[in-house]
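Chain residues, written in single-letter form:
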Amino acid sequence: MKHFLDLADFTSDEIRHLLDLGSTLKQELKNGEFRPILKNKVLAMVFQKPSLRTRVSFDMAMRTLGGDALYLSPQEIGLGKRESIADVARVLSGYVQVIMARVFAHEHVLELAKWASVPVINGLSDYNHPCQAMADALTIYEEFGNLKGLTISYIGDGNNVAVSLMKVATKLGADFRIANPEGYDMPEADIEQSKKFAELSGGSVTLLREPQAAADQADVIYTDTWTSMGQEEEAENRRKVFPPYQVNQEIVKLAKPKAIVLHCLPAHRGEEITDEVADGPHSRLFVQAENRMHAQKAILVDLLTEGESDAK
Ligand code: CP
Ligand code: NVA
């Protein structure tokens, strides 16, 4: 069973194929074309955490391709609490054709995938956020035509979003930089893995502490919240550590003149990003949010139409 859990599981060619497909499906929607590729397919969306983009973009991805989606709140499912994850996976597999799950512990989405007999998509875990990275890559791809040779600089917490961004960037030949405070590094194993992807693709990974060094002549500047969902108890301390890592005009001025600024959202304006930058000429925040839907349409079509060559 093919799942979508981690970009490390996909080759560069497979990722490029998904980006091309996402781009085509976006264009078709903009042209008013309707292809019910996912007719009679239903997605179950299991959430342990809140969401705006993931929930709505997956729902609309299914609807615009002729399928349907069910939202299952944390209260309804009680993943691993009311019922074991293995049982939830097997029950849902009898009703729907694909499952998307947003979980706290990454092991929970792995456990769902282990027991499900339908594809499982990771809609964010504490460890990674691969759907977000596909939307990020699609946005960069639309802007620059390629990721190869670009400098993609992430400034802030070495979190789930950073890990997936590093993977997609290094799979596609970009020079990935991260500047984060000491103690907020990405997992060592993922850094090592991405360095290997970079060796194959011609990209690189650079670890920095100075946000100015990361921003210097960058093509893409990316940031995310200082406190991710589930870390609320650390918020006060993080607010003391992270202010030097704010993406503001001074930081953006160091990047290339045509650089773009990305943020997965939700943004904490005045903390990791200023209004001036979020609403400024370099910002692509809302195209990026829209691209969640198009990137995920490609993922859904790929998982649900295996062997049906005319769908893609
Ligand atoms: N970027 C993102 O995943 O947003 P939501 O938490 O609103 O789904
Ligand atoms: N790093 C953030 C991303 C939210 C989409 C979090 O996990 O809360």
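Note: the structure precedes this text.
Model, not experiment: these values are computed from the prediction.

To continue, consider the site of ligand 2. Every residue close to ligand 2 is listed here: Leu124, Asn159, Asn160, Val161, Asp224, Thr225, Ser228, Met229 and Leu265. Note that an oxygen atom of ligand 2 is positioned 2.9 Å from one of the side-chain N or O atoms of Asn160. A distance of 2.7 Å is found between a nitrogen atom of ligand 2 and a side-chain nitrogen or oxygen belonging to Ser228. Against a free-state accessible area of 270 Å², the protein chains account for coverage of 94% of ligand 2. When grouped by side-chain class, the residues that make up the shell around ligand 2 number 4 nonpolar, 4 polar and 1 charged.

This part is about the site of ligand 1. In the vicinity of ligand 1, the contacting residues are Ser51, Leu52, Arg53, Thr54, Arg102, His129, Gln132, Cys264, Leu265 and Arg292. In the environment of ligand 1, an oxygen atom lies 2.7 Å from a nitrogen or oxygen atom belonging to the side chain of Arg102. In this structure, an oxygen atom belonging to ligand 1 sits 3.0 Å away from a side-chain N or O atom of Arg292. For ligand 1, whose unbound accessible area comes to 260 Å², protein coverage reaches 95%.

Our focus in this paragraph is the side chain of Arg238. Of note, Arg238 is situated in helix H10 (residues 235-241). Of the polar contacts made by the side chain of Arg238, one reaches the side chain of Glu234; its length is 2.9 Å. Among residues more than four places away in sequence, those in contact with Arg238 are Asp157, Tyr184, Trp226, Thr227, Gln231 and Pro243.

About the criteria used
- Residues numbered from 1 in each chain as written.
- Chains lettered and ligands numbered in written order.
- Predicted model: local features only at pLDDT ≥ 70, side-chain atom pairs only at ≥ 80, totals over all residues.
- Heavy atoms only, no water.
- Near = heavy atom within 4 Å.
- Polar contact = N/O pair within 3.5 Å; in protein donor to acceptor, adjacent residues only side chain to side chain.
- Areas by Shrake-Rupley, 256 points an atom, 1.4 Å probe, with all protein chains shown as cover.
- Nonpolar A, V, L, I, M, F, W, Y, C, P; charged D, E, K, R; others polar.
- Helix = DSSP H or I, 4+ residues; strand = E, 2+ residues; numbered from the N terminus.
- Contact = heavy atoms within 4.5 Å.

Read these as layout, nothing more, since geometry by itself doesn't imply function.
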